[in-house]
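Topology and contacts: notes
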Amino acid sequence: MAVRDKSRYQYDRLPVETPTIRLLKVFSSDKSPITCSLQSFTLSEAPFFYALSYTWGDPLDQSLSSPSNRKPMSKELDKYVITEDGSTIGATENLIDALHMLSTMKNSQEEAYWWIDALCINQNDYEEKGTQVAMMDKVYDKAESVLIWLGREDEHTEGAMKILNGLADPRANVMEVSRRSWDADGYAAMDDIMIASDLLGFVDVEFPDWQDYAAFLQRNWFSRIWVVQEKFFARDTKILCGSYVVPWNRIMKSSEVLMHTGLNVLLKAVIDLTLSGDDYNLDTAAALLPDNRFDNQQIFSLIRKGNIDSIGLDKLLYCTRHFDATDARDKIYAIKGIWEDSQPVVDSQPTIRTDYSRTLGDVYADATVLAIRESKRLDILGLVEDPLSRKESELASWVPHFNGRPTMFPLRLALRQSVASQHWNASSGMCFKVPERIEGNQLLIDGVDVDEIVLVGPSYIEVMNKWKLGSLLQALADNKQPHYGSNKLSGEAFVRTLTKNTYAQKLVGEEALGAFAAFVMKRVQEFKSHINNLHARLQPDDAERFAQRLTELEVTLDELSGIFDIVPSAAETRRLISIAEMEGSKEEVELEDKRKAIEESIRLAYLGRRIFVTKQGCFGITSESVKQGDRVFILAGALTPHVLRRNKSDGKAQMVGEAYVDGLMEGEALSRGFHIERIILT
């Protein structure tokens with residue numbers, strides 16, 4: 001039911017010359033409707049007040065609720081509060097729940113003022129909304145305390161509190177769990193989580209308790225972009241989940257334990273399995289891991305007011321890419337205050353203008369150029385997703401879709417650099433010039449065309465999920481003009497490419513090259529298991545077809561093992577499989593450790609990408625939509641190469657994606673001299 005127009009509250013215009021806010025008083029009432037009053041104050045002279053942080057829509061991720069308990073809440077303003085003069089203001093159901101909670105609190109907050117965005121900002125006045133949103137950082141900084149409302153209790157709350165308190169307990173044996181290596185396989189994760197429970201020293205914890213904890217962290221507050229700023233500027237926080245009071249430091253401690261022990265990956269795997277049911281596929285689930293909402297809490301511990309000297313806009317955009325925004329422009333506006341607060345000087349440099357009349361394409365393009373201007377590097381372009389996965393047609397090819405779901409890990413842009421990426425500087429020797437944004441969100445940038453892509457191999461998903469290991473290895477064999485001088489060196493370059501030259505926090509060396517055989521072994525083992533499953537399902541024709549493909553793969557292994565040291569023969573692969581089946585033996589444990597390490601290294605680099613070979617014989621990986629004829633460019637200010645696609649009619653180019661190209665990562669392409677050209681990216 002919509003709010004009645006005839007009694008809609010009429011907001012007074014707020015003065016624009018002085019920062020001014022409205023504050024709310026909620027009158028005690030444990031029954032609907034909620035009654036309240038609004039009063040305006042200059043921000044500098046505002047009385048003692050609290051701020052409410054909540055989600056407009058459903059606070060729960062209903063997908064994890066049992067069918068009988070699924071009662072989704074609308075994000076529409078179809079409820080209302082009544083003001084002193086009898087008029088109404090629209091409110092969502094979750095906000096009404098929060099207001100009922102406020103109205104019954106019997107403490108010093110009972111007569112306090114509150115700042116609540118949906119009620120204190122005239123949502124129908126876009127000019128006021130833009131002005132108020134731009135000063136929200138100052139509002140939360142001014143508030144005495146921020147109350148975080150996570151929503152009503154549900155079937156998961158009690159079990160979640162058990163795990164939350166256990167992970168935050170200093171007596172938990174976190175060190176022992178962190179020594180373990182876990183799989184992203186949902187079936188294995190069910191057992192692994194209980195093993196972790198025992199190692200942590202948990203008592204009376206069952207598997208459903210972990211599911212409850214996962215559901216708690218999936219509450220929508222934890223993925224809402226605005227909460228990043230609200231928590232950053234809050235002097236003090238209090239968290240309510242129904243009747244439960246949850247200390248913030250316990251949430252932080254438990255999330256740190258998740259990250260350091262790898263339990264975040266296990267929880268994500270379990271959720272993937274729970275939601276997928278019979279359709280679950282390990283490698284499809286693994287593809288979703290860059291979008292792991294269990295990692296969101298980490299930003300609160302990494303970015304705290306007074307705890308950072310300066311954080312770049314590119315890093316902020318990277319950290320917040322897993323958060324959601326109803327209005328996609330808020331992915332920029334919501335972090336504006338944090339970024340400006342962390343800068344030593346703001347007035348002397350360009351800033352972000354909060355203006356809801358601007359298009360998404362303009363807002364994102366401005367933020368991208370601003371991040372480049374500030375960092376004097378092109379790292380932000382690492383957030384450009386594969387063109388095939390982009391849904392926002394109004395975005396230029398070089399502009400990241402900051403509100404999209406990540407499908408790959410950036411090669412370099414991260415809070416902590418890998419050992420290899422610390423040495424990357426593909427554009428070494430080129431003078432950096434800030435790219436110029438020209439008409440129609442085009443970008444004018446300096447670059448050097450260094451190579452052409454002549455062979456395109458399989459993607460990560462095709463290798464892991466569509467049985468294309470043979471195609472991957474064939475890319476190694478089909479490199480007829482290897483850049484690297486010998487078959488041995490070519491094999492090493494191949495592994496470096498698939499892992500972006502990082503294995504177990506070290507540069508790729510003999511250990512990683514040896515572990516590649518374990519990667520091959522696992523793919524063949526899965527191939528054989530799939531054939532057995534087809535027989536069990538009485539699908540003999542499909543089983544025969546896959547058996548033929550397996551025979552062809554074994555022939556390829558035998559052919560390539562005599563050429564490349566990294567490729568095991570069919571017989572060696574069978575021997576490794578027999579070791580893998582000796583569960584618990586010393587040999588099996590060592591092989592399993594190698595497999596997990598090499599698979600994780602390949603996943604972090606290759607996921608969401610496709611392997612290619614250049615005309616000069618270099619191996620590389622870039623976005624899945626790469627095609628033969630695409631060009632490898634070194635762009636001024638870029639630490640990695642980029643793949644561009646030229647438009648033959650006008651010479652302009654589209655961004656395909658950043659790339660790892662073995663042999664071009666440290667300025668090698670420019671050491672022989674180069675010709676800089678001006679490129680227009682569309």
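Residues numbered from 1 in each chain as written. Predicted model: local features only at pLDDT ≥ 70, side-chain atom pairs only at ≥ 80, totals over all residues. Heavy atoms only, no water.

Along its length, the chain carries 24 helices and 18 strands. Computed over the C-alpha atoms, the radius of gyration of the chain is 28 Å, within 12% of the 26 Å expected from 2.2 N^0.38 for a compact globule of 682 residues. Projected onto the principal axes, the alpha-carbon positions of the chain cover approximately 85 × 65 × 45 Å. Buried residues in the chain amount to 58% of all 682 residues. When contacts within the chain are restricted to residue pairs at least 6 apart in sequence, long-range pairs at least 24 apart make up 72% of them. As displayed, the chain offers around 29,100 Å² of accessible surface, 47% of which is attributable to carbon and sulfur atoms. (Helix = DSSP H or I, 4+ residues; strand = E, 2+ residues; numbered from the N terminus. Rg over C-alpha atoms; globule rule 2.2 N^0.38 Å. Buried < 20%, exposed > 50% of the residue type's maximum accessible area, 1.4 Å probe, protein only. Contact = heavy atoms within 4.5 Å. Areas by Shrake-Rupley, 256 points an atom, 1.4 Å probe, with all protein chains shown as cover.)

Let us look at the packing of aromatic side chains. What describes a pair of aromatic rings is the distance from one ring centre to the other and the angle between the planes of the rings. In the structure shown here, the tally under the stated rule is 21 aromatic pairs. Taking the centre distance of 5.3 Å and the plane angle of 85 degrees together, the rings of Phe48 and Tyr50 count as edge-to-face. Looking at Tyr50, the relative accessible area reads 7%, which means it is buried. When the centroid spacing of 5.6 Å and the interplanar angle of 65 degrees are considered together, the rings of Phe216 and Phe222 count as edge-to-face. Each of the two residues, Phe216 as well as Phe222, counts as buried. Sitting over the face of the ring of Tyr356, Lys129 holds its NZ or CZ atom 5.0 Å from the ring centroid. (Phe/Tyr/Trp six-rings, centres within 6.5 Å; stacked < 30°, edge-to-face > 60°. Lys NZ or Arg CZ within 6 Å of the ring centre and 35° of its normal.)

So, on to unusual backbone geometry. Phi is positive for Asn441, close to 60 degrees, though the residue is something other than glycine. Tracing the sequence through the fold places Asn441 in the loop between β10 (436-438) and β11 (442-459). In this structure, Trp467 is a non-glycine residue whose phi angle is positive, near 60 degrees. Following the sequence through the fold, Trp467 ends up in the loop between α18 (460-465) and α19 (469-477).

Going through the model one piece at a time under the given rule, you end up with 38 salt bridges. Among the ionic pairs, Arg574 bridges to Glu554, the shortest N-O distance being 3.7 Å. Here Glu554 lies in helix α22 (residues 540-561) and Arg574 lies in helix α23 (residues 570-580), a separation of 20 residues in the sequence. Within the structure, one salt-bridge network assembled from shared partners comprises Arg523, Glu526, Glu592, Arg595 and Glu599. (Salt bridge = Lys/Arg side-chain N within 4 Å of Asp/Glu carboxyl O.)

Every α-helix winds through 3.6 residues per turn, so residues three or four apart in the chain are directed the same way. Counted at 1.5 Å a residue, the expected span for helix α17 (residues 360-375) with its 16 residues is 22 Å, and the 23 Å between its end C-alpha atoms agrees. Listing the buried residues of α17 in full gives Leu360, Gly361, Val363, Tyr364, Ala365, Ala367, Thr368, Val369, Leu370, Ala371 and Ile372. Those residues of α17 that are buried lie in contact with α14 (313-319), α15 (330-333), α16 (336-342), β10 and β11. Positive phi appears at Lys376, one or two residues downstream of α17, with a value of about 60 degrees. (Expected span 1.5 Å × (residues − 1).)

Below, the discussion takes up the pairing of strand β13 (residues 619-623). Counting buried positions over the five residues of β13 gives five, a clear majority of the element. Pairing of strand β12 (residues 609-614) with β13 involves five bridges; the strand directions are antiparallel. Directly across from Arg610, in β13, lies its bridge partner Thr622. Where β12 hands over to β13, the hairpin turn is made up of four residues, of which Gly617 adopts a positive phi near 90 degrees. Where β13 lies against strand β17 (residues 660-661), two bridges are found, and the strand directions are antiparallel. Its bridge partner being in β17, Ile621 is matched across the sheet by Tyr660. (Pairing = 2+ DSSP bridges.)

Let us look at the packing of helix α5 (residues 157-168) against helix α8 (residues 207-217). Geometrically, a packed helix pair is captured by the angle between its two axes and the distance between the axes. Running from N to C, α5 and α8 point in directions that differ by 90 degrees, and their axes come no closer than 7 Å. By the angle between their directions, the pair α5 and α8 is classed as roughly perpendicular. In contact with Gly159, Ala160, Met161, Lys162, Ile163, Leu164 and Leu167 of α5, α8 contributes Asp209, Trp210, Asp212, Tyr213 and Phe216. (Axes fitted to C-alpha atoms, helices over the stretch in contact; angles between N-to-C directions. Parallel < 35°, antiparallel > 145°, perpendicular 65-115°, else oblique.)

Time to look at the side chain of Thr55. Relative to the helices and strands, Thr55 is located in the loop between β3 (49-53) and β4 (79-83). Look at Thr55 and you get buried, because its relative accessible area is 6%. Engagement of the side chain of Thr55 in a polar contact is seen with the backbone oxygen of Gly57, the distance being 3.5 Å. Look past the residues within four positions of Thr55 in its chain and what remains in contact with it is Asn94, Asn220, Trp221 and Arg224. (Polar contact = N/O pair within 3.5 Å; in protein donor to acceptor, adjacent residues only side chain to side chain.)

The next thing to look at is the pairing of strand β2 (residues 35-42). The pairing of strand β1 (residues 20-26) with β2 spans seven bridges and is classified as antiparallel. Along β2, the bridge assignment pairs Ile21 with Phe41. The sheet contact formed by β2 and β4 spans two bridges and is parallel. Looking at β4, one finds that Cys36 is bridged to Thr83.

Its location among the elements puts Lys231 in helix α9 (residues 226-233). Buried charge without a partner: Lys231 forms no salt bridge, and the closest opposite charge is Asp236, 7.8 Å away. In this structure, Lys231 is in contact with Ile148, Thr237, Trp248 and Phe300, ignoring residues within four places of it in sequence. (Lys, Arg positive; Asp, Glu negative; His and termini not counted.)

In this model α5 runs 16 Å from its N-terminal to its C-terminal C-alpha over 12 residues, within 8% of the 16 Å that 1.5 Å per residue would give. Counting buried positions along α5 gives nine out of 12 residues, so the element sits mostly inside the fold.

Further remarks concern the confidence of the model for the chain. Of the residues in the chain, 91% reach a pLDDT of 70 or more, and the chain-wide mean stands at 88. Counting interchain partners and residues more than four positions distant, the pLDDT-below-50 stretch residues 284-288 has 10 contacts. (pLDDT = per-residue confidence, 0-100.)

This next bit is on the nonpolar core. Membership of the largest hydrophobic core comes to 145 residues, with the highest contact counts inside it found for Leu99, Trp115, Leu167 and Trp210. With nine residues, α17 is the largest single contributor of residues to this core. If you look at the next biggest cluster of nonpolar residues, it comprises 76 residues, including Tyr484, Leu498, Ala518 and Val626. (Core = buried A, V, L, I, M, F, W, Y, C linked by side-chain atoms within 4.5 Å.)

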